[in-house]
Amino acid sequence: AQKVTQAQTEISVVEKEDVTLDCVYETRDTTYYLFWYKQPPSGELVFLIRRNSFDEQNEISGRYSWNFQKSTSSFNFTITASQVVDSAVYFCALRGFNYGQNFVFGPGTRLSVLP
Amino acid sequence: DTEVTQTPKHLVMGMTNKKSLKCEQHMGHRAMYWYKQKAKKPPELMFVYSYEKLSINESVPSRFSPECPNSSLLNLHLHALQPEDSALYLCASSQRSRMGGGYGYTFGSGTRLTVV
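Each chain carries its own residue numbering, running from 1 in the direction its sequence is written. The naming scheme follows written order: chains are lettered A onward, ligands numbered 1 onward. Residues qualify for local features only when their pLDDT is at least 70, as the model is predicted, and side-chain atom pairs are given and counted only at 80 or more; totals for whole chains, interfaces and linings, by contrast, use all residues. Working from all heavy atoms in the structure, the side-chain values ignore hydrogens and water.

Colleague: Can you tell me about the overall build of chain B, naming the residues and giving the values?
Modeller: Counting its regular elements, chain B contains zero helices and eleven strands. Ordered by position from N to C terminus, the α and β elements of chain B give β-β-β-β-β-β-β-β-β-β-β. Expected size for 116 residues packed as a compact globule is a radius of gyration near 13 Å; at 13 Å, chain B falls within 12% of this value. In terms of principal-axis extent, the alpha carbons of chain B reach across some 40 × 25 × 25 Å. Taking all 116 residues of chain B together, 51% fall into the buried category. Helix and strand assignments follow DSSP, with helices taken as H or I runs no shorter than four residues and strands as E runs no shorter than two, numbered in order from the N terminus. As defined in this context, the radius of gyration uses C-alpha atoms, and a globule is described by 2.2 Å times the residue total to the power 0.38. Classification of residues uses two cut-offs on accessible area relative to the type maximum, computed with a 1.4 Å probe and protein chains only: under 20% is buried, over 50% is exposed, and between them is partly exposed.

Colleague: Run through the environment of A:Q39, naming residues and quoting values.
Modeller: Along the chain, the position of A:Q39 falls in strand β5 (residues 32-39). Judged by relative accessible area, which is 8%, A:Q39 ranks as buried. Residues in contact with A:Q39, not counting those within four places in the same chain, are A:E44, A:L45, A:A88, A:V89, A:F91, B:Q37, B:L88 and B:L90. Each polar contact in these results corresponds to two N or O atoms within 3.5 Å; when the atoms are within protein, one needs to be able to donate a hydrogen and the other to accept it, and residues that are neighboring in sequence are counted only if both atoms are side-chain atoms. A polar side-chain atom of A:Q39 sits 2.7 Å from a polar atom in the side chain of B:Q37. Any two residues whose heavy atoms approach within 4.5 Å are treated as being in contact.

Colleague: A description of the sheet that holds strand β7 (residues 64-70) of chain B should follow, citing residues and the corresponding values.
Modeller: Residues and elements named next belong to chain B. Strand order in the open sheet formed by four strands is β1-β3-β8-β7, with antiparallel pairing between adjacent strands. Across the chains shown, the open sheet's two edge strands, defined by having one partner strand only, are β1 (4-7) and β7. When the angles between neighbouring strand axes are averaged without regard to direction, this sheet yields 20 degrees. Pairing between strands is defined by DSSP: at least two bridges between the two strands are required. Where strand β3 (residues 18-25) lies against strand β8 (residues 73-79), seven bridges are found, and the strand directions are antiparallel. Paired with E24 across the bridge in β8 is L73. To get an axis, a line is fitted to the C-alpha atoms, and for a helix only the part in contact is used. The angle between two axes follows their N-to-C directions and goes from 0 to 180 degrees.

Colleague: With reference to specific residues and values, describe the pattern of salt bridges.
Modeller: Within this document, salt bridges are pairs made up of a side-chain nitrogen of Lys or Arg and a carboxyl oxygen of Asp or Glu, the two lying within 4 Å of each other. Under the defined criterion, the tally for this structure stands at seven salt bridges over all chains. A salt bridge links A:R63 to A:D86; the shortest N-O distance between them is 2.8 Å. Note that A:R63 is positioned in the loop between β7 (59-61) and β8 (64-69) and A:D86 in the loop between β9 (74-79) and β10 (88-96), a separation of 23 residues in sequence. Between B:R63 and B:D85 there is a salt bridge, with the nearest N and O atoms lying 2.7 Å from each other. Here B:R63 is found in the loop between β6 (53-57) and β7, whereas its partner B:D85 is found in the loop between β8 and β9 (87-94), with 22 residues between them in sequence. Residue classification places B:R63 among the partly exposed residues on the basis of a relative accessible area of 23%. Judged by its relative accessible area of 2%, B:D85 falls in the buried class. Three or more residues joined by partner-sharing salt bridges are found here, namely A:R51, A:D55 and A:E59.

Colleague: Tell me about the nonpolar core, and please be specific about residues and values.
Modeller: Nonpolar core, defined: a set of buried Ala, Val, Leu, Ile, Met, Phe, Trp, Tyr and Cys residues in which side-chain atoms within 4.5 Å join the residues together. Formed by 24 residues in total, the largest nonpolar core has its most connected members in A:W36, A:W66, A:F75, A:F77, A:Y90 and A:L111. Those elements that provide at least two residues to this core are β2 (10-14), β3 (19-21), β5, β6 (46-52), β8, β9, β10 and β12 (109-114) of chain A. The dominant element in this core, judged by the number of residues it contributes, is β10(A), at four residues. A:W66 has contacts with A:W36, A:L48, A:I49, A:N58, A:E59, A:S61, A:F75, A:N76 and A:F77, leaving out every residue within four places of it along the chain. Of all hydrophobic cores here, the second largest spans 22 residues; its members include B:L11, B:C68, B:L81 and B:C91.

Colleague: Tell me about the state of the cysteines, residues and numbers included.
Modeller: Residues and elements named next belong to chain B. Any cysteine sulfur atom paired with another within 2.5 Å is treated as part of a disulfide. Counted under the stated rule, the structure contains two disulfides over all chains. Between the sulfur of C23 and that of C91 lies a disulfide, 1.9 Å long from S to S. Classification of the bridge connecting C23 and C91 rests on its S-S torsion, roughly -70 degrees, and on that basis the disulfide is left-handed. Here C23, found in strand β3, pairs with C91, found in strand β9; they are 68 residues apart in sequence, far enough to count as distant. Judged by its relative accessible area of 0%, C91 falls in the buried class.

Colleague: Outline unusual backbone geometry, listing residues and values.
Modeller: That bond from B:T7 to B:P8 is cis: its omega, -10 degrees, falls within 30 degrees of zero. Mapped onto the elements of the fold, B:P8 is located in the loop between β1 and β2 (10-13). Despite not being glycine, A:A81 shows a phi value in the positive range, around 50 degrees. By the element assignment, A:A81 lies in the loop between β9 and β10.

Shape descriptors only; they carry no functional weight alone.
Next up, the structure:
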């Protein structure tokens, strides 16, 4: 079975602080994909990043960075110098390679960045 | 155009009403999806359309009836809903029709439905 855990239900930080959102996943697939989505109050799910199971390189995109470690089945997301606009619910998701496999979403982490 | 457009943004309906949610994309995507999201929960898949044909129905009650009139348009017809059906309904599309794999979905901003 596949499962995604986001242990942090809610996080509050003050603007300009760094914050890391944790994601731990379970799967028996050897080929799989990991995603992060952002859901602001407006409702849409905004795609942030996709990683396949064979690519453990960490990635940085502006203030965002991702740390993928297969050894610990984790795909953590760090926001550097957080801003109020980063306030949203963040979902980590897993999807297998085979046909018919849907997203398995984590429960989400609500991030509040206070001015 | 890289968007999925959903209308209406908000909908309040009575339990005896019939209403429809609309979703439109002009990215040439061949798969479209309906998700239901309750408050403080992740989205849950309801239906998948692949090349305008229903390919997956996740055991959704018949009071929800999807329709895909063409490759750009997806509707969700609602009839005799219950208050517990109140939720955010999200539409998504993807370039490929195969559900697994690494390609991403483009999500709309959703319709917030309240059943009274």
